[in-house]
Amino acid sequence: MNRQGSRSTRVLVAAATCAALALALAGCSGSSSGSGTSATTGLNLTIEDYYSQPAAAAYDTIYSACAKQLGDTVTISHIAGAALIPKVLQQVSSRTMPDVLMLDNPDVDQIAATGALSPLSDYGITGAGYIPGIIAAGSYQGKLYGLAPAVNSLALFYNVDMFKAAGLTPPTTWAELQADAKVLTKPGRYGFAFSGVNTYEGTWQFMPWMWTNAGDEKNIDTPQTAQALQLLTSMVQDGSASKSVVLWTQADVESQFAAGKAAMMENGPWNIALLQGVSGLHWASVPLPTPQAGQKSVSPLGGETYTVPQAGDSAKMAAAGKMVACINSDANQVAISKAVAYVPAKISVAEQFAKTNPLLAPYVTVVQTARSRTGELGNGWDTAATAIYTAEQLALTGKDSPAAALKQAQGQ
Amino acid sequence: MTLTGGQATGSGIPRRTRGLRQERAVTWLFLLPALIYIVLFFGYPIVKNAVMGSQDYTTATFYTGSAPWVGWANYSSFLSSSLAGTTFLNTAVFTVGSIAGQFTIGLAIALFFRRRFPLSGLLRSLLLLPWLLPLIAGAAVWRWILDQDSGVLNSTLLHLHLVHTSVPWLSSPGMALYSVIIVNVWIGIPFNVTLLYSGMQGIPEEHYEAAAIDGAVGWKAFRHITWPALRPIVTVVLVLGVIYTLKVVDIILGLTGGGPANATQTLATTAYQDSFVRFAFGQGAAVNNILLVVSLLFAGLYLRVNRRVSDE
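Residues numbered from 1 in each chain as written. Chains lettered and ligands numbered in written order. Predicted model: local features only at pLDDT ≥ 70, side-chain atom pairs only at ≥ 80, totals over all residues.

Student: Now, about the overall build of chain B: what can you tell me, with residues and values included?
Tutor: Looking only at helices and strands, chain B features 14 helices and 0 strands. Secondary structure of chain B in N-to-C order comes out as α-α-α-α-α-α-α-α-α-α-α-α-α-α. Over its C-alpha trace chain B gives a radius of gyration of 26 Å, far above what one expects of a compact globule, namely 20 Å for 312 residues. Principal-axis analysis of the C-alpha atoms gives chain B an extent of 90 × 75 × 30 Å. Residues classed as buried in chain B amount to 34% of the 312 residues present. By sequence separation, contacts in chain B at least 24 residues apart represent 66% of the contacts at least 6 residues apart. (Helix = DSSP H or I, 4+ residues; strand = E, 2+ residues; numbered from the N terminus. Rg over C-alpha atoms; globule rule 2.2 N^0.38 Å. Buried ≥ 20, exposed ≤ 12 C-beta atoms within 10 Å, placed from the backbone. Contact = placed C-beta atoms within 7 Å.)

As structure tokens, this is what we get:
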């Protein structure tokens, strides 16, 4: 999942226009790449990602440093959130793809399936020592196409002051979560907040509950998945979570929590910087509760991978491969993680990182057992993800029972 | 084109035919820019969309260029899905509800502004505001107004003791469509007021004066003078309104994203989501073609009405 997900509405129009253009004017590309200064030293590589400020500045520094190290130059373009994939498709059809392309990890399979990406093994990149989940996410049909320097996931944020006042400790089981949420609900405040929105963002937020309870995306019409959905539905129905969760994005959830209108929230580490900026808010985060005590929470793995598109120019592609390797170096994994509050994707680097960054330590634990969304179904994930958020919406709004909702959505 | 045969004054028949041929060529030359424009920017997208509706057009198509022909499969997979019924019903309710609201309120306001009063000009231009606001910004503000827990509408209603519990304007599947209609009515009012008001300006004042002598004032004047004189404009406003409302995407996406539980999913939002969220471009094009046919029916109606109006 990405930080920009919440911004999707704002860029909807941009995305639509861009994609419409992509369809109509497949031959014309807006990209002004290729005007490199290859005459002197190295090559001019184009890099495309979807970051916005302040993250973009941190990445720019890393790209430039890598280019300098390799004797190349870079031209960087940041394409706002949801507009990236339509733009990439346009570039795919006009054969004007950037030399290095950032893709959100669940999108790798879809773009790799078009044949537009080159396997990273061509450049000697194996992904050895990485968190298994992120290798699964970056692989398509057994080949590694995208490698993420840093990853994220979901955990439980809780308001320390509210817990203290109620004499509670953070919940570790589903039963505790429900009980605590009920106790912490006061007029003008909900015990728990999460996003149940009707997009892939809602699906992403549902995955920890489903996966930890041994639910599976291959078939969502199972008692395990129904129990997970029942947990969230019960909290909405008994008033410990707002009925508006069906509209909330993760950014909305964060603002509810930051405003003290929710005592707990399910969210990711990219909110840390925002939350630290809220004066008077004392919070901490722990792994999400599990059905029984002592189980390991299985959360979905987020994070952006770097890929090398099939540019046709083997010298440039080799240079791009080196660039991807450099962005993924141990030092850059730490630099990126610090800048955007992610966790290094290499296990050894992450464990070292946890010692010096206590706020991110819970995520170092979470990501090691985290699961990739596309690992099992590949580019069939989108269909499953749509069915999951559809079922969740039916259950959360009380239109159907969780079991009936899942059965109906699975049948679609 | 207003090229006439007036200049072809040659005496010999061969010269005359040559002149005529030249003239015809010139005619086509003048037409050419417009033709190219229409073919490129209207013809091509429509034909492309019609073709795509029968293709398995996916992300891979962009690279490989191959989009297998699937005939009516995209249409039947949409029409047989459980979403199709909801989508058609929502589209109809949304369109009829929006038009009814926009037109009634728009007409009332236009009638109100027929009377001159201090600041009426300023007020009338302020009415255009919803139209001038970017739709996404308008939707974001309305989302906050209609928020169930901290929205200004609910807190006002609660303080006035008009409701006992907060109303789930956007978060309940039973309410969301009506809330979206309310917002769309707000956006559509300026369009209706502007056209109806300018239509009313064309009605000679003498008609009202003559009618007043015969005792027709107020409602009677409206029924027997304003309404008949306004009828051609009314038809145009309604038909254009339907076409504009059928294709509304941004408001719905900004407010509810088609949810909750597909309660506000219309043909337009379904087509959008198929194409640009799921990247099933063939499927999206098929839904869009259905929408296009419905719009075309109304566009045809508009053209017919318009011809009748200009004939009168």
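Student: Describe in detail the overall build of chain A, supporting the description with residues and values.
Tutor: Within chain A, the secondary structure is distributed over 17 helices and 14 strands. By the compact-globule yardstick of 22 Å for 412 residues, chain A fits well, its C-alpha radius of gyration being 21 Å. If you line up chain A on its principal axes, its C-alpha atoms span 70 × 45 × 35 Å. Burial statistics for chain A: of 412 residues in total, 58% are counted as buried. Once local pairs closer than 6 in sequence are excluded, the contacts in chain A between residues at least 24 apart make up 76%.

Student: Outline the packing of helix α14 (residues 347-356) of chain A against helix α15 (residues 361-368) of chain A, supporting the account with residue identities and numerical values.
Tutor: Residue and element names in this part refer to chain A. Where α14 meets α15, the closest approach of the two axes is 8 Å, and the angle between their N-to-C directions is 155°. Taken as axis vectors, α14 and α15 run roughly antiparallel relative to one another. Helix-helix and strand crossings are classified by hand; for α14 and α15 the assignment is left-handed. Facing α14, whose interface residues are I347, A350, E351, F353 and A354, α15 presents A361, V364 and Q368. Broken down by class, the residue content of the contact of α14 with α15 amounts to 6 nonpolar, 1 polar and 1 charged. (Axes fitted to C-alpha atoms, helices over the stretch in contact; angles between N-to-C directions. Parallel < 35°, antiparallel > 145°, perpendicular 65-115°, else oblique. Left-handed = near helix turned anticlockwise from the far one by under 90°. Nonpolar A, V, L, I, M, F, W, Y, C, P; charged D, E, K, R; others polar.)

Student: Please set out the nonpolar core residue by residue, giving values where relevant.
Tutor: Ranked by internal contacts, the top residues of the largest apolar core, which has 179 residues, are V151, A193, V343 and A391 of chain A. Per-element tally for this core: the top contributor is helix α9 (residues 173-201) of chain B, with 11 residues. (Core = buried A, V, L, I, M, F, W, Y, C linked by C-beta atoms within 7 Å.)

Student: Can you break down unusual backbone geometry residue by residue, with the values?
Tutor: Along the chain, Q53 of chain A connects to P54 of chain A via a cis peptide bond; the corresponding omega equals 5°. In this fold, P54 of chain A is placed in the loop between β1 (44-49) and α2 (55-70). A cis amide bond links G259 of chain B to the next residue, P260 of chain B, at an omega of -10°. In this fold, P260 of chain B is placed in the loop between α12 (250-255) and α13 (267-276). Positive phi outside glycine occurs at A341 of chain A, with the angle close to 60°. Along the chain, A341 of chain A turns up in the loop between α13 (330-340) and β14 (343-344). The exposure class of A341 of chain A is buried, given the 24 C-beta atoms found within 10 Å. Positive phi values are uncommon outside glycine, yet L119 of chain B reaches one of about 70°.

Student: Account for the domain arrangement of chain A, with residues named and values stated.
Tutor: All names here are of chain A. By domain assignment, chain A separates into domain 1 (3-24 + 39-151 + 303-368) and domain 2 (155-299 + 377-411). In this assembly, 17 residues from domain 1 lie in contact with 17 residues from domain 2. Looking at the side of domain 1 that touches domain 2, the elements that each hand over two or more residues are α4 (108-114) and α15. In terms of residue count, α15 provides more of the side of domain 1 that touches domain 2 than any other element does, 4 residues in total. Among the residues forming the side of domain 1 that touches domain 2, the class breakdown is 11 nonpolar, 4 polar and 2 charged. (Domains from an automatic or database assignment.)

Student: Give me the sheet that holds strand β11 (residues 262-267) of chain A: which residues, what numbers.
Tutor: Residue and element names in this part refer to chain A. Reading across the sheet, the 4 strands line up as β10-β11-β9-β12 and stay open at both edges, with mixed pairing between neighbours. The strands lining the two open edges of the sheet, one partner per strand, are β10 (190-193) and β12 (283-286). The mean angle between the axes of side-by-side strands here comes to 20°, regardless of whether they run parallel or antiparallel. Relative to β11, β10 runs parallel, the two being bridged by 3 bridges. Bridging across to β11, A193 finds its partner in M265. Packing of helix α7 (residues 174-184) onto the sheet brings it into contact with β10 and β11, and relative to β10 it is tilted by some 135°. (Pairing = 2+ DSSP bridges.)

Student: Tell me about α13 of chain B, residues and numbers included.
Tutor: Counting buried residues in α13 of chain B gives 10 out of 10 residues, a clear majority hidden from the surface. Among the residues of α13 of chain B, L267, A268, T269, T270, A271, Y272, Q273, D274, S275 and F276 of chain B are the ones counted as buried.

Student: Any details on the domain arrangement of chain B? Residues and values, ideally.
Tutor: By domain assignment, chain B separates into domain 1 (10-52) and domain 2 (74-311). The C-alpha centroid of domain 2 of chain B is placed 39 Å from the C-alpha centroid of domain 1 of chain B.

Student: Go over the interface of chain A and chain B with me, naming the residues and quoting the values.
Tutor: Counting residues at the interface gives 34 residues for chain A, matched by 30 residues for chain B. For the side of chain A that touches chain B, the secondary structure elements donating two or more residues are α1 (8-24), α3 (84-93), α4 and α16 (381-396) of chain A. The element best represented in the side of chain A that touches chain B is α1 of chain A, accounting for 9 residues. The class makeup of the residues in the side of chain A that touches chain B is 17 nonpolar, 13 polar and 4 charged.

Student: Can you explain the confidence of the model for chain A? Please cite residues and give values.
Tutor: For chain A, per-residue confidence averages 88 on the pLDDT scale, and 90% of positions sit at 70 or higher. Across residues 1-40 of chain A the pLDDT falls below 50, and counting only partners more than four positions away or on other chains, this stretch makes 77 contacts in the model. (pLDDT = per-residue confidence, 0-100.)

Student: So what's going on with the pairing of strand β3 (residues 100-104) of chain A? Residues and values would help.
Tutor: All names here are of chain A. Extensive coverage of β3 is indicated by the burial of 5 of its 5 residues. The side-chain alternation of β3 yields two buried faces, one formed by V100, M102 and D104 and the other by L101 and L103. Direction of pairing for β1 relative to β3: parallel, over a ladder of 2 bridges. Paired with I47 across the strands is V100, a residue of β3. Where β3 meets strand β13 (residues 304-309), 4 bridges bridge the pair, whose relative direction is antiparallel. Bridging across to β13, L101 finds its partner in T307.

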